[in-house]
Amino acid sequence: MKIEKLFSIPNVLSGYRILALPFIVRAIFIEDRHLYITLLAINFITDILDGQIARRFGQETEFGAKLDSFADIGTTLMAFAGMVLLEWSFVLAHQYAFESVIALYLCIEMVSVCRFKRPHSLHLYSSKIIAYFQGLFIFSYFVYSYIPWLFYLMIICTCISYTEVLIVVFRIRELRSNCKGIYWMLKENKRIS
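Residues numbered from 1 in each chain as written. Predicted model: local features only at pLDDT ≥ 70, side-chain atom pairs only at ≥ 80, totals over all residues. Heavy atoms only, no water.

Caption draft 1: Structural context of the nonpolar core. Among the nonpolar cores identified, the biggest contains 44 residues, and Tyr36, Leu40, Leu122 and Phe137 are the most heavily contacted of them. For this core, the elements supplying multiple residues, two or more each, are helix H2 (9–29), helix H3 (33–56), helix H4 (62–86), helix H5 (88–93), helix H6 (95–116), helix H7 (125–143) and helix H8 (148–171). Looking at this core, the element that brings in the most residues is H8, giving 10 residues. If we skip the residues at most four places from it in the chain, Phe137 touches Met83, Phe90, Tyr146, Leu150, Phe151 and Met154. (Core = buried A, V, L, I, M, F, W, Y, C linked by side-chain atoms within 4.5 Å. Buried < 20%, exposed > 50% of the residue type's maximum accessible area, 1.4 Å probe, protein only. Helix = DSSP H or I, 4+ residues; strand = E, 2+ residues; numbered from the N terminus. Contact = heavy atoms within 4.5 Å.)

Okay, structure coming up:
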C-alpha cells in the first residue's frame, strides 16, 4: 500500500479515534464526566467525517475499513463502559434493554469469527444510522438529561440494525467491507445466480 493511502485523512481520523481510547478510559476511571463526553463526542464526529471523506474523495480502502471498524469497536466499548461505570443505576434500571443489545452484538461477532476467523467490518447503512442514534443518546444523556423516547428509539433501532447485520453475516459468502445491507446483498446474489 502506498504511503499516501496509508496516511489518508480518513485513516488519520480513524487512527486518532484509536489513540483517544486510553484517554477515554482514564476519564472514566477518574470519573471526569466532562472529559469523557468531550472525547467521546470527538470520536463520534471523526467517525462521521472519516467515512464521508473517504467516499467523497475516493479514499476507501480495505485497510481503512478495518482501521475504522477497530476504532468503531473501541469507541462503542468506551461508550458502553462509561455508561456502566458512571451511570450504573441507570444501566441497572434498564438492564433488559442493555442485555438485548449486548446479546445481539456478541452473536454477530461470534458468528463472524466462526465463519470468517475475524470480526466483521460490514459497515451496513443501518449500522451507520444507528451509530448516530447511539451518539446522540449518549451525548444528550451526559450533557442534558435522560430522554426516555430517545433511549427506547435508540434501543429498538440498534436491535433492528444488529439483526440485519447478523442475517448478513450468516448469509454472505465472503466477509468484505462496505456491504450496504440485506436488500443489496440479495440483489447481488440474484445477479450472480
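Text resumes after the structure shown.
Caption draft 2: Representation of the packing of H3 against H7. At their nearest, the axes of H3 and H7 sit 10 Å apart, and the two run at 160 degrees to each other. By the angle between their directions, the pair H3 and H7 is classed as roughly antiparallel. For H3 against H7, the interelement crossing comes out left-handed. For the pair formed by H3 and H7, the contact residues are Arg33, Tyr36, Ile37, Leu40, Ala41, Phe44, Ile48, Gln52 and Arg55 on the first element and Lys128, Tyr132, Gly135, Ile138, Phe139, Phe142 and Val143 on the second. In the contact of H3 with H7, the residues fall into 11 nonpolar, two polar and three charged. (Axes fitted to C-alpha atoms, helices over the stretch in contact; angles between N-to-C directions. Parallel < 35°, antiparallel > 145°, perpendicular 65-115°, else oblique. Left-handed = near helix turned anticlockwise from the far one by under 90°. Nonpolar A, V, L, I, M, F, W, Y, C, P; charged D, E, K, R; others polar.)

Caption draft 3: Broad picture of the side chain of Asp50. Here Asp50 lies in helix H3. A polar contact is formed between the side chain of Asp50 and the side chain of Arg17, at a distance of 2.7 Å. Those residues in contact with Asp50 that sit more than four places away from it in its chain are Pro10, Leu13, Ser14, Arg17 and Asp68. (Polar contact = N/O pair within 3.5 Å; in protein donor to acceptor, adjacent residues only side chain to side chain.)

Caption draft 4: Up close: the packing of aromatic side chains. In total, this model carries 16 aromatic pairs according to the counting rule given. For the pair Phe151 and Tyr152, a centre-to-centre distance of 5.1 Å together with 75 degrees between the ring planes defines the contact as edge-to-face. Phe151 sits in the buried class, given a relative accessible area of 0%. Take Tyr152: its relative accessible area is 41%, and that puts it in the partly exposed class. Ring geometry for Tyr183 against Trp184: centres 5.3 Å apart, planes inclined by 85 degrees, an arrangement best described as edge-to-face. A residue is classified by how much of its surface remains accessible, and Tyr183, at 53% relative accessible area, is exposed. (Phe/Tyr/Trp six-rings, centres within 6.5 Å; stacked < 30°, edge-to-face > 60°.)

Caption draft 5: Up close: H3. A rise of 1.5 Å per residue sets the reference length of H3, with its 24 residues, at 34 Å; its end C-alpha atoms lie 34 Å apart and thus fit the reference within 8%. All of the buried residues along H3 are Tyr36, Ile37, Leu39, Leu40, Ala41, Asn43, Phe44, Thr46, Asp47, Asp50, Gly51 and Ala54. The inward-facing, buried residues of H3 contact H2, H4 and H7. The positive-phi residue at the C-terminal boundary of H3 is Gly58, with phi of around 60 degrees. (Expected span 1.5 Å × (residues − 1).)

Caption draft 6: The pattern of salt bridges, seen in detail. Inspection of the entire model under this criterion finds five salt bridges. For the salt bridge of Asp68 with Arg17, the shortest nitrogen-to-oxygen distance reads 3.0 Å. A residue pair is termed long-range when its members are at least 10 positions apart, and Asp68 in helix H4 and Arg17 in helix H2 qualify at 51 residues. Asp68 sits in the buried class, given a relative accessible area of 9%. (Salt bridge = Lys/Arg side-chain N within 4 Å of Asp/Glu carboxyl O.)

Caption draft 7: Quick peek at unusual backbone geometry. Look at Glu31: it is not a glycine, yet its phi comes out positive at around 55 degrees. Among the structural elements, Glu31 can be located in the loop between H2 and H3. Classification of Glu31 as exposed rests on a relative accessible area of 57%.

Caption draft 8: Seen up close, the environment of Val84. Of note, Val84 is situated in helix H4. For Val84, a relative accessible area of 18% puts it in the buried group. In sequence terms Val84 and Phe57 are 27 residues apart; their C-alpha atoms lie 38 Å from each other.

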